[in-house]
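Structural description and commentary
Now for the letters of each chain:
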Amino acid sequence: MKLLNKDELIANELKLYFIKNNIGEGEKLPSEREVAEKYGVQRATVRSAYKILEEEGIVEIRERSGRYMGHPRIVTNLNEIKSFREKVSDIGSKVENQLLSFELIEIDKDLYKKIKLPIGTEVYKITRVRKVESEKGIIPIAIEYAYVPENIAPKLIRQNLEDSLFQILREIYGIVPAKEEQLIEIVYADDFESKILKLDKMTAVAKKTGIIYDKDGNVIQYLHSIMNKEWVEFRKEISSKE
């Protein structure tokens, strides 16, 4: 059994304090001095405890203002396939999609390297903004570029693409995702991404790319998402055999 350091103990005490006092998203938190006096520890210990909570996404810092209760993060478990809507539902919130564009394009040399389909194959390119309801209103979380082979979802434009694309493919076309390859990177938002996600230019963001397959190994979808990293978290379960 691991013995907790003093800053870890204080971090746990603060979590209990938040629960007992029903501290909600956006509420200002006690200062380092107040916490230090309450628990009889040094301010450096409190600072370290708050740092632990910041890394867990529980607390956020606002420059020249102090620390505030953060918002829950949307968790992507890299061991499973879930729609964005399902992940948002897991944190007790709702998703809103905004369709920016819908195109029918052909795979070129650059896209061929990513999607693993023959050059010239027709695919739908669907660009959407994924938004989440929070106590602060509707927040744009991600820009998503989805590429779907035309031959597996004919006349897709007739569907409401501001609904869950996973759900449309499953319920309308009988396509069930079985496997996903994913790559997570940290990049910097360009002018367009910064404007859509309401971030400062060149803010660090999470970039997720991946291919989704059905049980027979056919490509269902290629996804390229740019996400506000303050709202997302990625986890991978590793077994003793890996």
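The paragraphs below set out a description of the structure included in this document. Quick caveat: nothing in here was measured; it's all calculated off a predicted structure.

A look at the pairing of strand β8 (residues 204-213)
Of all 10 residues that make up β8, eight are buried, and the element is covered over most of its length. Sheet topology note: the strand β7 (residues 179-188)/β8 ladder contains 10 bridges and is antiparallel. By the bridge assignment for β8, I184 is matched with K208. Linking β8 back to strand β9 (residues 219-227) in an antiparallel pair, the connection comprises five residues, with G217 at a positive phi of about 85 degrees.

With respect to the packing of helix α1 (residues 6-20) against helix α3 (residues 43-55)
Where α1 contacts α3, the two axes come as close as 8 Å, and the packing angle between them is 65 degrees. Like other packed secondary-structure pairs, α1 and α3 cross with a definite hand, here right-handed. Between α1 and α3, the contacting residues are K6, D7, E8, I10, A11, L14, K15 and F18 on the first element and T45, S48, A49, Y50, I52 and L53 on the second. Looking at the contact of α1 with α3 residue by residue, the classes come out as eight nonpolar, two polar and four charged.

Considering the sheet that holds strand β5 (residues 122-134)
Strands sit in the order β4-β5-β6-β9-β8-β7 across an open sheet of six strands; the sheet is antiparallel. At either end of the open sheet lies a strand with only one pairing partner, and these are β4 (95-106) and β7. Mean inter-strand twist for the sheet, computed between neighbouring axes without regard to direction, equals 15 degrees. Together, β5, β6 (137-149), β8 and β9 form the strand contacts of helix α6 (residues 165-173), whose direction differs from that of β9 by roughly 165 degrees.

Thoughts on the side chain of T127
By the secondary structure assignment, T127 is in strand β5. For T127, a relative accessible area of 5% gives the class buried. Sequence-distant contacts of T127, defined by excluding residues within four places in its chain, comprise Q98, L99, L100, S101, I143, E144 and Y145.

Regarding the pattern of salt bridges
Throughout the structure, instances matching the rule amount to 15 salt bridges. A salt bridge links R73 to E230; the nearest nitrogen and oxygen atoms lie 3.7 Å apart. One end of the pair, R73, is in the loop between β2 (66-69) and β3 (74-77); the other, E230, is in the loop between β9 and β10 (232-235), with 157 residues separating them in the sequence. Relative accessible area serves as the criterion here: at 18%, R73 is assigned to the buried category. A salt bridge links D90 to K82, with the shortest nitrogen-to-oxygen separation between them at 2.5 Å. When its relative accessible area of 51% is taken as the criterion, D90 is described as exposed. What you see here is one network of salt bridges that share partners, running through E32, R43, R47, E54 and R67.

The rules behind each value
Residues numbered from 1 in each chain as written. Predicted model: local features only at pLDDT ≥ 70, side-chain atom pairs only at ≥ 80, totals over all residues. Heavy atoms only, no water. Buried < 20%, exposed > 50% of the residue type's maximum accessible area, 1.4 Å probe, protein only. Helix = DSSP H or I, 4+ residues; strand = E, 2+ residues; numbered from the N terminus. Pairing = 2+ DSSP bridges. Axes fitted to C-alpha atoms, helices over the stretch in contact; angles between N-to-C directions. Left-handed = near helix turned anticlockwise from the far one by under 90°. Contact = heavy atoms within 4.5 Å. Nonpolar A, V, L, I, M, F, W, Y, C, P; charged D, E, K, R; others polar. Salt bridge = Lys/Arg side-chain N within 4 Å of Asp/Glu carboxyl O.

That is the geometry; function is a separate question.
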